[in-house]
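An overview of the molecular structure
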Amino acid sequence: MGQRLKLNDDFRRKIIKIFLIFACVVCAIEVSVGIIFANTGQLDGSSIWNYMFIRTLLPTVLNFGMLFLVYYVNENEHIEDETKQLAIILAISGFCYVVIIFHSYYTGIITALALPMAVAMLIGNKKMYKLSFALSTIGVLIHMYIQTYDYLFWNERLDYVIENFFVSMIGFIALYFIGIAFMDIFEKAVLFMVEEMNNVKKENWNVVHDETTGLYNSLVFNIKVKENCKLLKENKINKLNISYLDFDSIKELTDNYGQDAAETITTLFGKILCTKMNENVLIAKDDNDKFVILTTNKEIQGVLDIINEIKDEIFSNENIMISEGKLTFATGIVEYDGVSTAEEFLSNCDKSLRQAKENGKNQTVVVR
């Protein structure tokens, strides 16, 4: 797989927070154990402070230092994503070294192997996985060497040590290839899910948008008209206006310049209209290639200001120029009376647009 999964900022922060909390928990546990040992007489007054320093304070300071450093690196937006991933792997590997060196538990081996490799798998970066595996293996070998030295000192059974060493090496190799195989499956599964989610998003987007312009389609517009007619009747909005926009010479434009040119101009026009949308302005393209603007809580003059802004941007846009002159459109604006049905409202909009086109090019008709 040539692609590499990107680790988002939130996920990085969660990983770091988990290990910061874990460091606090380890510190609390060791303090509690030290107090219990002191109370039960297993540690005298002089050794309790050595215990607290070696087993609690020093490793916790080291852990916090590494984790806060990696937190700073991940919060710096100027640092590359791969560097942030590397910082996480190194910090967590260091965390594991502290665990197995200062605590010397056999479970430290599992910790040293599992944590950095698990994080590298979640990052989805094979390069980081190989690095974490190498660091983990080195840490485990150091730990095994220390334990083996103690074992031989007391038991002098070299054959047992060699047997366990080879079994461990076989386990390491198996774990490496299992991890690589898992990462391939994990990466393919995630990429497949991302692709499927993108397909679903695209399908959902196409349901409510016009593909050419990116504006809402008739389905959304008709629903919003009915909703806002109801809201105005309930006095939840003050004003409701609909504007129909239609090119004056779209047929001549298609005949003279071809369908592709007409679609290009329509797309550019749609992009201009998209910039005018906000919570009180919804713009769509209906099935008859008309552009419709639904405005709420705006007086007629506010609607006319939007129309004039659109005209100014079209006239000044060099990409929407034709040899016959400026591209113009007719506009029919109707203010809702609060009594008519949504269908009657839209019918009045059609009538106002027809009247504007009959009056000539670049005309606007307002019906209050």
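In this report, we go over the structure that sits alongside the text. (Residues numbered from 1 in each chain as written. Predicted model: local features only at pLDDT ≥ 70, side-chain atom pairs only at ≥ 80, totals over all residues. Heavy atoms only, no water.)

To continue, consider the nonpolar core. Counting 23 residues, the largest nonpolar core has Phe 221, Val 225, Leu 240, Ile 242, Tyr 244 and Phe 345 as its most contacted members. Listing elements by their share of this core, those giving two or more residues are helix 7 (218-233), strand 1 (240-247), strand 2 (281-285), strand 3 (291-296), strand 6 (329-335) and helix 11 (342-358). Per element, the largest residue contribution to this core is six residues, and it comes from helix 11. Filtering out sequence-adjacent residues up to four positions away, Ile 242 remains in contact with Phe 221, Val 225, Ile 293, Leu 294, Gly 332, Ile 333, Val 334, Phe 345, Leu 346 and Cys 349. Within the second largest apolar cluster, 21 residues are counted, among which are Ile 265, Phe 269, Ile 293 and Phe 329. (Core = buried A, V, L, I, M, F, W, Y, C linked by side-chain atoms within 4.5 Å. Buried < 20%, exposed > 50% of the residue type's maximum accessible area, 1.4 Å probe, protein only. Helix = DSSP H or I, 4+ residues; strand = E, 2+ residues; numbered from the N terminus. Contact = heavy atoms within 4.5 Å.)

Another point: the pairing of strand 1. Within strand 1, eight of the eight residues are buried, which leaves it mostly tucked inside the rest of the structure. In strand 1, alternate side chains face the same way, and those of Leu 240, Ile 242, Tyr 244 and Asp 246 on one face and Asn 241, Ser 243, Leu 245 and Phe 247 on the other are all buried. Relative to strand 3, strand 1 runs antiparallel, the two sharing six bridges. Bridged to Tyr 244 within strand 3 is Val 292. By the bridge criterion, seven bridges tie strand 1 to strand 6 in an arrangement that is antiparallel. By the bridge assignment for strand 6, Phe 247 is matched with Phe 329. (Pairing = 2+ DSSP bridges.)

Inspection of the secondary structure assignment puts Thr 266 in helix 9 (residues 259-274). Look at Thr 266 and you get buried, because its relative accessible area is 11%. Residues contacting Thr 266, with those up to four places away along its chain left out, are Thr 213, Phe 247, Lys 285 and Phe 291.

If you check helix 10 (residues 300-316), its first and last C-alpha atoms are 24 Å apart, about what 17 residues at 1.5 Å a residue would give, namely 24 Å. Buried residues of helix 10: Ile 300, Val 303, Ile 306, Ile 307, Ile 310, Lys 311 and Ile 314, and no others. One face of helix 10 carries all of its buried residues, which in axial projection span an arc of 135°. Residues of helix 10 that are exposed and point over 90 degrees away from its buried face: Asp 312 and Ser 316. In the core, the buried residues of helix 10 are packed alongside strand 1, helix 9, strand 2, strand 3, strand 6 and strand 7 (364-367). (Expected span 1.5 Å × (residues − 1). Arc of directions from axis to C-beta.)

Two faces, one strand: in a regular strand the side chains alternate between the faces of the sheet. With seven of seven residues buried, strand 6 is to be regarded as a mostly interior element. Of the two faces of strand 6, the one holding Phe 329, Thr 331, Ile 333 and Glu 335 and the one holding Ala 330, Gly 332 and Val 334 are both buried throughout. Inspection of the sheet shows strand 6 paired to strand 7 by four bridges, in the parallel sense. Opposite Ile 333, over in strand 7, you have Val 366 as the bridge partner. The parallel pair strand 6 and strand 7 is bridged by helix 11, and the resulting crossover is left-handed. (Right-handed = clockwise from strand over helix to strand, strands pointing away.)

This paragraph deals with the environment of Thr 212. Of note, Thr 212 is situated in the loop between helix 6 (158-208) and helix 7. Take Thr 212: its relative accessible area is 35%, and that puts it in the partly exposed class. Taking the C-alpha atoms as reference points, Thr 212 and Leu 268, separated by 56 residues in sequence, lie 9.6 Å from one another. Not counting chain neighbours up to four residues away, the residues in contact with Thr 212 comprise Glu 263 and Thr 267.

Moving on: the packing of helix 8 (residues 250-257) against helix 9. Contact geometry of helix 8 with helix 9 gives a least axis separation of 6 Å together with a crossing angle of 130°. With respect to helix 9, the element helix 8 is oriented oblique. On helix 9, the residues touching Leu 253, Thr 254 and Tyr 257 of helix 8 are Gln 259, Ala 261, Ala 262 and Ile 265. Of the residues in the contact of helix 8 with helix 9, the class split is five nonpolar, two polar and no charged. (Axes fitted to C-alpha atoms, helices over the stretch in contact; angles between N-to-C directions. Parallel < 35°, antiparallel > 145°, perpendicular 65-115°, else oblique. Nonpolar A, V, L, I, M, F, W, Y, C, P; charged D, E, K, R; others polar.)

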